[in-house]
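Close look at the chain arrangement
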Amino acid sequence: MWERGPVVSAPGKVILHGEHAVVHGKVALAVALDLRTFLRLRPRGQRGVCVRLPGVGVVRSWDAPSLQALRRGFAADFDESKAPSAEQLDTLKEFAGIAAGASAPEGLAILAFLYMYLAISAKHGEVPSVDILVWSELPTGAGLGSSAAYAVCLAAALLTVCGAISCPLKEGEPTARWTEEELALINHWAFQGERVIHGNPSGVDNAVGTWGGALRYQSGKITPLKRVPLLKILLTNTKVPRSTKVLVAGVKEKILKFPAIMNPVLDSIDAISQECQSVLEAMPANPSPEYYPVLEELFDINQHHLNVMGAGHPSLDRLCRVTASHGLHSKLTGAGGGGCGITLLRPDTSPLAVEAAKQDLCACGFECWETSIGAPGVTLHSSSSLSTQVLHALTES
């Protein structure tokens, strides 16, 4: 099957509601974004592994004897139930020639690959000699789950080629997905990859990348929503850099300073998440246009709350004003302070209004995508089911 070049993909994610409040035990809703990361895996002539990540300018290859020697040392203290140890990561950094304190995306991507390759080999059997090429529609560092989509694709591909999970794509099918049990295994290893990259992730991003659709997250518990509609959105990157850590600390400080004022705001955001969940779960069985004004109002209310909490930014205010001038409703997604915003598009929104809004947003220096949320999770594709752009990107230059 792999000789014919099927491709694995996984979606990014956006937080629909519950940013910041989730840190304080409230409900957050995360949804799969239909901007995807794609991984093409092919057998390799020479014994060993080659990884190409053109998005971050990485081409690295290692021969089989070097990897086997590394794995012997690695497997001695390997425990899949624990986070990767500092010693293991130091060993991998030394092997890959990555500086001890390096945190550049390309170094972390290589580190995550090596860890997952060795750990999956140690637990599930030999990974054959392969050539891996990864390309993504997702911008990195924008809070859209790009690292998790990468880790999910790697986990699915490596587990499939070593035989730990099935290859579900049958002859003549455009796409296929794995069983629930297999998805749980993919998610487990993707979470380990995320731990390499982020240290102490929540597990939400890799779960969205694995299962797709929408997830409810509260106090460490992740629950996939049963059925959710595919909603059209505009995703806008203000390109204003921000520190999630600093923003989270600022919100916490405000809650400690004004508990009687801020705790009701957190409760209100919690209620917004739960109301939105009810609407999303009702929509597939009864696709009434009446739901869209409710979703739009929830966007507006939550955006005001996030401003009250200190997560806003002039660039996000501008985004909301620009889209409102075209009759559209927006909110920030993620940590705020810049970063990205999402704009809901009703099924009956005029394409001219969408185009005009996109032009105005781009004129602000923002980057804009027309896409959807509620997309499917990790998927195996036949080459014939892929767009020309994806095929072109996955063809070596």
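Residues numbered from 1 in each chain as written. Predicted model: local features only at pLDDT ≥ 70, side-chain atom pairs only at ≥ 80, totals over all residues. Heavy atoms only, no water.

Because the α-helix completes a turn every 3.6 residues, residues three or four places apart line up on one side. Compared with an ideal rise of 1.5 Å per residue, which puts 24 residues at 34 Å, helix α8 (residues 259-282) spans 34 Å between its outermost C-alpha atoms and is within 8% of the ideal. Its buried side turned inward, α8 meets β1 (7-17), β2 (28-43), β7 (214-218), β9 (231-237), α7 (244-257) and α9 (291-308). (Helix = DSSP H or I, 4+ residues; strand = E, 2+ residues; numbered from the N terminus. Expected span 1.5 Å × (residues − 1). Contact = heavy atoms within 4.5 Å.)

Okay, the layout of surface pockets next. Considering only enclosed or pocket space, the largest pocket measures out at about 1600 Å³ in volume. Considering the residues around the largest pocket, the lining is formed by 50 residues, among which Gly 143, Gly 145, Ser 147, His 198 and Asp 205 are closest to the centre. For the lining of the largest pocket, the elements supplying multiple residues, two or more each, are β1, β2, α3 (105-124), β5 (130-136), α4 (146-161), α5 (180-198), α6 (204-211) and α7. At 4 residues, α4 tops the list of elements feeding residues into the lining of the largest pocket. (1 Å grid on protein atoms, 1.4 Å probe; cavity = no way out; pocket = protein on both sides within 12 Å on 5 of 7 lines; lining within 4 Å. Points joined across faces, edges and corners; volume = space filled by probe spheres on them.)

So, on to the nonpolar core. Among the nonpolar cores identified, the biggest contains 88 residues, and Phe 113, Ile 186 and Leu 235 are the most heavily contacted of them. No other element matches α3, which puts 13 residues into this core. When near neighbours in sequence (up to four residues on either side) are disregarded, Leu 235 contacts Val 14, Leu 33, Leu 35, Leu 144, Cys 340, Gly 341, Ile 342, Glu 367, Cys 368, Trp 369 and Thr 371. (Core = buried A, V, L, I, M, F, W, Y, C linked by side-chain atoms within 4.5 Å. Buried < 20%, exposed > 50% of the residue type's maximum accessible area, 1.4 Å probe, protein only.)

To continue, consider the packing of aromatic side chains. Under the criterion given, the structure shown has 4 aromatic pairs. Consider the rings of Trp 62 and Phe 113, whose centres lie 6.1 Å apart with planes at 10°: the pair is stacked. Residue Trp 62 is located in strand β4 (residues 58-63), and its partner Phe 113 is located in helix α3; the two are separated by 51 residues in the primary sequence. (Phe/Tyr/Trp six-rings, centres within 6.5 Å; stacked < 30°, edge-to-face > 60°.)

Side chains bearing opposite charge may pair, as long as their charged atoms lie close to each other. Applying the stated criterion across every chain yields a total of 10 salt bridges. In this structure, the salt-bridge partner of Arg 40 is Asp 131, at a minimum N-O distance of 3.7 Å. Of this pair, Arg 40 sits in strand β2 while Asp 131 sits in strand β5, and the two are 91 residues apart along the sequence. When its relative accessible area of 9% is taken as the criterion, Asp 131 is described as buried. A salt bridge links Arg 346 to Glu 296; the shortest N-O distance between them is 2.7 Å. Note that Arg 346 is positioned in the loop between β11 (340-345) and α11 (351-363) and Glu 296 in helix α9, a separation of 50 residues in sequence. (Salt bridge = Lys/Arg side-chain N within 4 Å of Asp/Glu carboxyl O.)

On to the packing of helix α10 (residues 314-324) against α11. Their axes nearest at 9 Å, the elements α10 and α11 cross at an angle of 150°. For the element pair α10 / α11, the angle class is roughly antiparallel. The two elements α10 and α11 meet at a crossing, and its hand is right-handed. Contacts between α10 and α11 involve Leu 319, Val 322 and Thr 323 from the first element and Ala 357, Asp 360 and Leu 361 from the second. Class assignment for the residues of the contact of α10 with α11 results in 4 nonpolar, 1 polar and 1 charged. (Axes fitted to C-alpha atoms, helices over the stretch in contact; angles between N-to-C directions. Parallel < 35°, antiparallel > 145°, perpendicular 65-115°, else oblique. Left-handed = near helix turned anticlockwise from the far one by under 90°. Nonpolar A, V, L, I, M, F, W, Y, C, P; charged D, E, K, R; others polar.)

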